[in-house]
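Structure assessment
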Amino acid sequence: MPSLKSLAKDTAIYGLSSIIGRFLNYLLVPLYTAKLTAVSGGYGIITNMYALTALVLVLLTFGMETTFFRFANKEGEQPQRVFSTILIGISSTATLFFFAVLLFITPVSRFLGYEQTPQYVWVMALAVAIDAIRAIPFAYLRQQKKAIKFAALQLLNIGINIVLNLVYYVGMDGHDPGYAFYINLVCSAVVTLCLYREISQIRHGYDPRLMRRMLRYSWPIVILGIAGILNQVADKILFPFVYKGSDMQAQLGIYGACVKIAMIMAMITQAFRYAYEPFVFGKTKDRDNDETQAKAMKYFIIFTLLAYLCVMGWLPLLKYIIAADYWPGLRVVPIVMAAELMFGIYFNLSFWYKLDDKTWWGSIFSGAGCVVLVLTNVLFVPRYGYMACAWAGFAGYAVAMTLSYFVGQKEHPIRYPMQDIGYYVLIALVSWLSMNYFAQVLPVWGSLIYNTMAIACFVAIIIRKDFPLSSLPIVGKFFKH
């Protein structure tokens, strides 16, 4: 239990910074959708470009964050040497990537559909190269349990981003989507400079033999990462190539704006991941590691289900995050959130093969999910538009999650509390269906009241069954009598 409390504390720190950060970033969504109308397609450009850079970032980091946690905790390895070797390797690759983009900027821009604005491409290429380099010092902060510094730098990045966006889009009344990319580059550079102490560990040098061993471990994780990020961004990358309508950028912008509302699920998963990866790898030798993973899975699902109900219940208010001309895309929100919930479960299920050094299993599961996702996009987007994008992500995550669970139970059985998990899933499902029903028969204010009551009942069930208030410090004193 003390180990779970430590995990909860770190998750709270990462989660708070992530929640605050995402909330502040949400302020950019109404700003962008107000300044860049759906018809203009400006937000579609931002959506597409950030999807591309997310994929490139996975390729450039090459699974070395997870690899760092694994090798830094291995007997006989020198953590500083591991860190230095990875940082030098990633820095070299990222630098070569940026200069390659500069060298071939014309054909690359033409292929991506930015022939008239090649500056968008090279600016984001430089930003993603810097982000790849700084990903390793950020992993080092997590490994050293420096959650506060990690959170502070993430918030600094977001703070600068928001201020500069407000200066341009409000103060200067700008309407060019490209300025979002210039601002992103400035933020990446400033935060990276703040990591100079961690980057200075590069003095421990580069070990080519160590790197070869780490690459053998990491290459399946790369496939896993590619498949994982494709489940998040492939729809936004493929959409311009497979959607045949003349309003392509407008439709992509609507979809991208509405997906932002659903990203609270991704935010929770990310916060949990930041704390959970170094936590699990640090407990490799503990006998109760499997039991801890089982409990962590249960609590993760409980809180993500609660988040799902909150977003769906208060969607009539949350929709005002984006401009009204983007509202037709709100129907993708429940689908995308369910897909992100399954991705979080899949992430939790991934540790058995990472800890057993069988990361190639991850490439199989993720590869299967990725194939389903890409095929669904290619086959159905031309007919159903961005709705097919939402269902493609759902199908891809469902396949990867299911395969990982059943193979994992055979290769490395972990006794997950399936009865408790099923109980909460059933209650959440009934609550959501009832919300949908009353949304059809009640006015907006009435459905909001009902939805809030349903959420409160779900919280009450959680407290009664798994989080008795009497066990909490300070607060518990009021419930023991």
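**Section: the overall build of the chain**
Tallying secondary structure elements over the chain gives 21 helices and zero strands in all. Each of the 481 residues in the chain was classed as buried or not, and the buried ones make up 54%. Considering only intrachain contacts with a sequence separation of at least 6, the fraction spanning at least 24 residues in the chain is 82%. Surface accessibility of the chain: about 21700 Å² in total, with carbon and sulfur atoms responsible for 68%.

**Here we look at the confidence of the model for the chain**
The share of residues in the chain with pLDDT of 70 or more is 87%, and the mean pLDDT across the chain is 84. Counted against residues more than four places away or in other chains, residues 472-476, with its pLDDT under 50, gives three contacts.

**With respect to the nonpolar core**
Within the largest apolar cluster, 135 residues are counted, with the highest numbers of intra-cluster contacts made by Phe-68, Phe-181, Ile-322, Val-332, Val-333 and Phe-458. If near-sequence neighbours (up to four positions away) are discounted, Val-332 is found in contact with Tyr-255, Cys-258, Val-259, Tyr-386, Met-387 and Ala-390. In terms of nonpolar packing, the next biggest core, distinct from the first, is built from six residues, Leu-141, Leu-153, Val-191 and Leu-195 among them.

**Considering the packing of helix 6 (residues 105-112) against helix 7 (residues 118-143)**
One way to put it is that helix 6 packs onto helix 7 with a least axis distance of 9 Å and a crossing angle of 105 degrees. It follows that helix 6 is roughly perpendicular to helix 7 by the angle criterion. Here Ile-105, Val-108, Ser-109 and Leu-112 of helix 6 lie close against helix 7, whose contacting residues are Pro-118, Val-121 and Trp-122. When the residues that make up the contact of helix 6 with helix 7 are grouped by side-chain class, the tally is six nonpolar, one polar and no charged.

**Quick word on the side chain of Asn-157**
Inspection of the secondary structure assignment puts Asn-157 in helix 8 (residues 147-171). Under the relative-accessibility criterion, Asn-157 is labelled buried at 14%. Within polar-contact distance, the side chain of Asn-157 engages the side chain of Arg-134 at 3.3 Å. Apart from the residues lying within four places of it in its own chain, the contact partners of Asn-157 are Arg-134, Cys-187, Ser-188 and Val-191.

**Some remarks on the pattern of salt bridges**
Inspection of every chain in the model, using the stated rule, returns nine salt bridges. As a salt-bridge pair, Glu-198 and Lys-149 come within 3.0 Å of each other at their nearest N and O atoms. Remark: Lys-149 occurs in helix 8 and Glu-198 occurs in helix 10 (residues 196-199); sequence separation between them is 49 residues. A residue is classified by how much of its surface remains accessible, and Lys-149, at 28% relative accessible area, is partly exposed. Salt-bridge contacts for Lys-295 lead to Glu-291; the nearest nitrogen and oxygen are separated by 3.4 Å. Taken together, the positions of Lys-295 and Glu-291, both in helix 14 (residues 289-313) and four residues apart, correspond to about one turn of that helix. Among the residues examined, Lys-295 registers a relative accessible area of 31% and is labelled partly exposed. What makes Glu-291 partly exposed here is its relative accessible area of 46%.

Procedures and definitions
- Residues numbered from 1 in each chain as written.
- Predicted model: local features only at pLDDT ≥ 70, side-chain atom pairs only at ≥ 80, totals over all residues.
- Heavy atoms only, no water.
- Helix = DSSP H or I, 4+ residues; strand = E, 2+ residues; numbered from the N terminus.
- Buried < 20%, exposed > 50% of the residue type's maximum accessible area, 1.4 Å probe, protein only.
- Contact = heavy atoms within 4.5 Å.
- Areas by Shrake-Rupley, 256 points an atom, 1.4 Å probe, with all protein chains shown as cover.
- pLDDT = per-residue confidence, 0-100.
- Core = buried A, V, L, I, M, F, W, Y, C linked by side-chain atoms within 4.5 Å.
- Axes fitted to C-alpha atoms, helices over the stretch in contact; angles between N-to-C directions.
- Parallel < 35°, antiparallel > 145°, perpendicular 65-115°, else oblique.
- Nonpolar A, V, L, I, M, F, W, Y, C, P; charged D, E, K, R; others polar.
- Polar contact = N/O pair within 3.5 Å; in protein donor to acceptor, adjacent residues only side chain to side chain.
- Salt bridge = Lys/Arg side-chain N within 4 Å of Asp/Glu carboxyl O.

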